[in-house]
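Report on the structure
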Amino acid sequence: MGTEPRECVPERPARARRAVVAEWAPLALLTLAVLAGAALWFAGARGAAGLVWAAVTVAALAPAAWTMLRQLWRRQFGVDVIAVLALLGALLVREYLAGAVIAVMVATGRALEEYARRRATRDLRALLERAPRQARRRTADGGIEVVPLDRVVAGDRLVVGPGDVVPVDGTVEEAATLDESVVTGESRLVGRAVGEQVASGVVNAGAGFGLRADRNAAESTYAGIVRLAADATARKAPMVRLADRYAAAFVPFTLLLAGLAWLLSGEFVRAVAVLVVATPCPLLLATPIAVVSGLSRVARRGVLVRDGGSLEQLGRARTLLLDKTGTLTAGRPRAAETVVAPGGDRDEVLRLAASVEQLSPHVLAAALVRQARERGLPLAGPTDVTEEPGRGVTGRVDGRTVRVGQLDGEPPAWADRVRDRAERSGRSTVWVSDEHGPLGAILLEDPVRPDARRTVRRLREAGLTRLVMVTGDRPRTARQVAQVVGVDDVIARCAPAEKADRVRAESARAVTVMVGDGVNDAPALAEAHVGVAMGATGATASADVADAVLTVDRLDRLADAVEIARYARRIAVQSATVGMGLAVVAMLVAAAGRLPPVAGAFLQEGIDVLVILNALRALGGGLRQREVPPHTRELLDRYEHEHGGVRDVLARLRDTADLVATHPDDPGCVPAVRDVHRRLVDEVLPHEAAEERQLYPALAGPLGSDEATSTMSRAHVEIVRLVERIGGHLAALDGGLPAEEVPDLLAALYGLDAVLRLHLAQEEEDYFSLNTADGSPGR
């Protein structure tokens, strides 16, 4: 069911109204009292007016003094001490109006701080309030029962009604339309096909659908997010460290200047005037507002930062260490290429392998089945399936015995070439064989996230000067990923304990952020100034070691968080510096006897308004990422989907080039070249021409200029030239391939293969990554 009972809903606005009243009532009462005193003053009852203002001063002094004493008891020496001394001094010199104005300032500061904290945690509280509490579960007799969420276990078949919150992580049994904005931060509706996984917490935006529970509620995604939200709302949000650093210098300076003004002039009122204009409301107000605004903004983008101190550290970071698997890469294998024996059928080999692997729980099996379904291959039901750990799976498909896994016996020559190719490219090899020998091989890879390179560039632009990839993977594979994403250094074969040591060493040199999956990276996350759990779900999401958690599996949100943190910190420092600078000037004037306490109080109020308005700038701005219009998003979706067909042609192109290179006299060579040329002309060239005509002009805005796509347009020209070159060879043929034509034809085939692969990768990294709309790897 996923939603609360209706009778509970009206309580929320009532609670919100009570919170607002409690927040602003003290300020309203003090302001009314000050105005009442002013009315008495102008009516001639100056004694009564003074008593009212004195009462206002005492009303503000009592809680402020109590707060200061508690801080001193904890050995904390903060900025509140100046406010207390200013209020006390105003009473002693009978400057009751000045004291009343200071009281209003202090009350305003507390109300604004509470408002800012409430606004910042609004998104987090929304998570808590809409947490699912019940579920609809199918019964054995075909009925539906409503059960408490804690009674749902893995394997239960649930029903999610229209508008319901998905109660647990599960697998869709019927096509569904979902609003995943709570988990991903994206407002667009997302369609999920049968067999796809969905996270708890998303909202059913379409018709009801069936869901098979994969986890219980406590282990599901939304439960982890709620635990983090509860933790975040329980902690004090303002950036205390920054304010205390200013206070450490400002408070002693203020007391010294006030003392000197009194000592040299003999007028205690001058000391009070100095304290009045020094009342550090720019620190009490501007700093929390800027930082809490930053916390709110990163929360809306799917990043939960535990407190203001962590946000401050994120804004000061200079070094970033990233785990490879699951952070820079998708974290799960993908069938990158299917290579077949001479004369074999690629789709048939993949279909046989996926049919046998349907019953296997292995992660590689899931990759094969997923790839076959994406290609629309009809999978057969396997029989006599057996699995030998470490060796593979064997079963019968359509009357044939099919084995998927390692290769037995002496491999043929073509298999040796495939093995070498996989080793050079850092891919894993899964062999597919039948009773007569190997039929082909499926090369698996853990693909680099399309947005990884762009995110790394944004992080450098944000001010990070050293980016290091740490991984337990092989050096060759690690270097390949590092080159693709553009990090400064790579550390391979790194065990969890070694990662922690590396983070500790980097942290000794600069403020360091460690990004990992929050499980085996926990020691390293704990050692960093800011530990970030990437794409965390379920129990992983509640890892206590993380200072920030990306609740959506998207690397670009890390760049968003860093940019927002830096911007919020810059605004906070700017506001505090400007406010304190103006206050110092006013303090010097007051020390010289040119600014009485009452005038100083009103001047300080003006300074407060100025710095608060500046601090509110942190509610927007700071992000370098440009917004993508809806029409452009639709084009990106369309052409990204078409890339699947282009990659299929690309695989055929590579097979044809290999056939020409190894068996140029084979009678099937020329037909194979003709077939791939036909597909290039009919499928690839129209795709590239449509991109040039529609997509690239639409990207000029998000990318900043028309020139941003110029190099990709040049690649289109080269693709057309190479296709025409292949066509020229075919037009001149009369029978088989002449030996003297083979080298140039191979150059065209392999050259086109290289250009197309690079072109597709660049489009996916630089363009399609702009449109990342969900947490699925590879998008």
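Now for a description of the structure that goes with this document. (Residues numbered from 1 in each chain as written. Predicted model: local features only at pLDDT ≥ 70, side-chain atom pairs only at ≥ 80, totals over all residues. Heavy atoms only, no water.)

Focus: the overall build of the protein chain
We count it as follows: Think of it this way: any DSSP run of H or I at least four residues long counts as a helix, any run of E at least two long counts as a strand, and we number them from the N terminus. A 1.4 Å probe rolled over the protein chains alone gives each residue an accessible area, and that area as a share of the maximum for its type sets the label: buried under 20%, exposed over 50%, partly exposed in between. Any two residues having at least one pair of non-hydrogen atoms within 4.5 Å are treated as being in contact. All accessible areas in this document rest on Shrake-Rupley with a 1.4 Å probe, and a residue is counted as covered only by the protein chains that are shown.
The helix and strand inventory of the protein chain stands at 25 helices and 22 strands. A buried classification covers 51% of the 779 residues belonging to the protein chain. Partitioning the intrachain contacts of the protein chain with sequence separation of at least 6 by distance along the chain shows that 72% fall at a separation of at least 24. Roughly 33500 Å² of accessible area belongs to the protein chain as shown, and the carbon and sulfur atoms make up 56% of that amount.

Some remarks on the sheet that holds strand β22 (residues 548–550)
Which entries qualify depends on this criterion: Strand pairing requires that DSSP identify at least two bridges connecting the strands. Angles shown run from 0 to 180 degrees and are taken between the N-to-C directions of axes, each axis being a line fitted to C-alpha atoms and, for helices, limited to the stretch in contact.
As summarised here, the arrangement of the seven strands in space is β10-β22-β21-β20-β11-β18-β19, forming an open sheet in which the pairing is mixed. Edge positions in the sheet fall to β10 (303–305) and β19 (489–491), since each has one partner strand and no second. On average, each strand axis in the sheet is tilted by 20 degrees relative to the strand beside it, whichever way the strands run. Sheet topology places strand β11 (residues 319–323) next to strand β20 (residues 512–516); four bridges connect them, and they run parallel. Bridge pairing links Thr-319 to Thr-512 in β20. Along the sheet, helix α11 (residues 308–316) contacts β10, β20 and β21 (530–533); its crossing angle with β21, the most-contacted strand, is approximately 95 degrees.

Quick notes on the pairing of β20
Among the five residues of β20, five are classified as buried, and the element is accordingly described as predominantly covered. Burial along β20 is two-sided: Thr-512, Met-514 and Gly-516 and Val-513 and Val-515, pointing in opposite directions, are all buried. Pairing between β20 and β21: four bridges, direction parallel. In the strand pairing of β21, Val-513 is matched with Val-530.

Focus: the packing of aromatic side chains
Applicable threshold: By convention, a stacked pair of Phe, Tyr or Trp rings (six-membered ring in the case of Trp) has centres within 6.5 Å and planes under 30 degrees apart, an edge-to-face pair has planes over 60 apart, and any other such pair is tilted. The rule for a charge over a ring is simple: NZ of Lys or CZ of Arg within 6 Å of the ring centre, and within 35 degrees of the ring normal.
All told, the structure shown has three aromatic pairs when counted by the stated rule. Centre to centre, the rings of Trp-414 and Trp-431 are 6.2 Å apart; their planes meet at 65 degrees, and the pair counts as edge-to-face. On the criterion of sequence distance, the pair formed by Trp-414 in helix α15 (residues 413–425) and Trp-431 in strand β16 (residues 428–434) is long-range, its members being 17 residues apart. Residues Trp-414 and Trp-431 agree in their burial class; the two are buried. Over the aromatic face of Trp-41 sits the side chain of Arg-46, whose NZ or CZ is 4.2 Å from the ring centroid.

Regarding the sheet that holds strand β3 (residues 157–160)
A sheet is described by the order of its strands in space; here six strands give the open sequence β2-β1-β3-β9-β4-β7, paired in antiparallel fashion. For this open sheet the edge positions go to β2 (144–148) and β7 (197–198), each flanked by a neighbour on one side alone. In this structure, strand β4 (residues 170–172) lies alongside strand β9 (residues 209–213), joined through three bridges in antiparallel fashion. Looking at β9, one finds that Thr-171 is bridged to Arg-212.

Looking at unusual backbone geometry
Positive phi values are uncommon outside glycine, yet Arg-94 reaches one of about 60 degrees. Relative to the elements of secondary structure, Arg-94 occurs in the loop between α3 (80–92) and α4 (96–120). In this structure, Asp-384 takes a positive phi of about 50 degrees despite not being glycine. Along the chain, Asp-384 falls in strand β13 (residues 383–388). Classification of Asp-384 as exposed rests on a relative accessible area of 59%.

Concerning the packing of α11 against helix α20 (residues 556–591)
Condition: Any angle that falls under 35 degrees is termed roughly parallel, while one over 145 is termed roughly antiparallel, one within 65 to 115 roughly perpendicular, and all others oblique. Residue type decides the class: Asp, Glu, Lys and Arg count as charged, Ala, Val, Leu, Ile, Met, Phe, Trp, Tyr, Cys and Pro as nonpolar, and the leftover types, Gly among them, as polar.
Two elements in contact, α11 and α20, have axes whose closest approach is 8 Å; the angle formed by their N-to-C orientations is 100 degrees. When the interaxial angle is binned, α11 and α20 end up roughly perpendicular. Facing Leu-311, Glu-312, Leu-314, Gly-315 and Arg-316 of α11, the residues of α20 in contact are Ala-561, Val-562, Ala-565, Arg-566, Ala-568 and Arg-569. Classifying every residue of the contact of α11 with α20 by side-chain character gives six nonpolar, one polar and four charged.

Quick word on the pattern of salt bridges
Counted only if it meets this: When a carboxyl oxygen of Asp or Glu is within 4 Å of a side-chain nitrogen of Lys or Arg, the pair counts as a salt bridge.
Within the structure shown, the criterion is met by 42 salt bridges. A salt bridge links Arg-215 to Asp-169; its shortest N-O distance comes to 2.7 Å. Pair noted here: Arg-215 is in the loop between β9 and α7 (221–234) and Asp-169 is in the loop between β3 and β4, with a separation of 46 residues, a long-range link. Classification of Arg-215 as partly exposed rests on a relative accessible area of 33%. The shortest N-O distance in the salt bridge between Asp-675 and Arg-678 comes to 2.8 Å. Of this pair, Asp-675 and Arg-678 both sit in helix α23 (residues 669–703), three residues apart, which is roughly one turn of that helix. What makes Arg-678 partly exposed here is its relative accessible area of 42%. A cluster of three or more residues bridged by salt bridges with shared partners is formed by Arg-334, Glu-337, Arg-421, Arg-427, Glu-445, Arg-654, Asp-658, Asp-753 and Arg-757.

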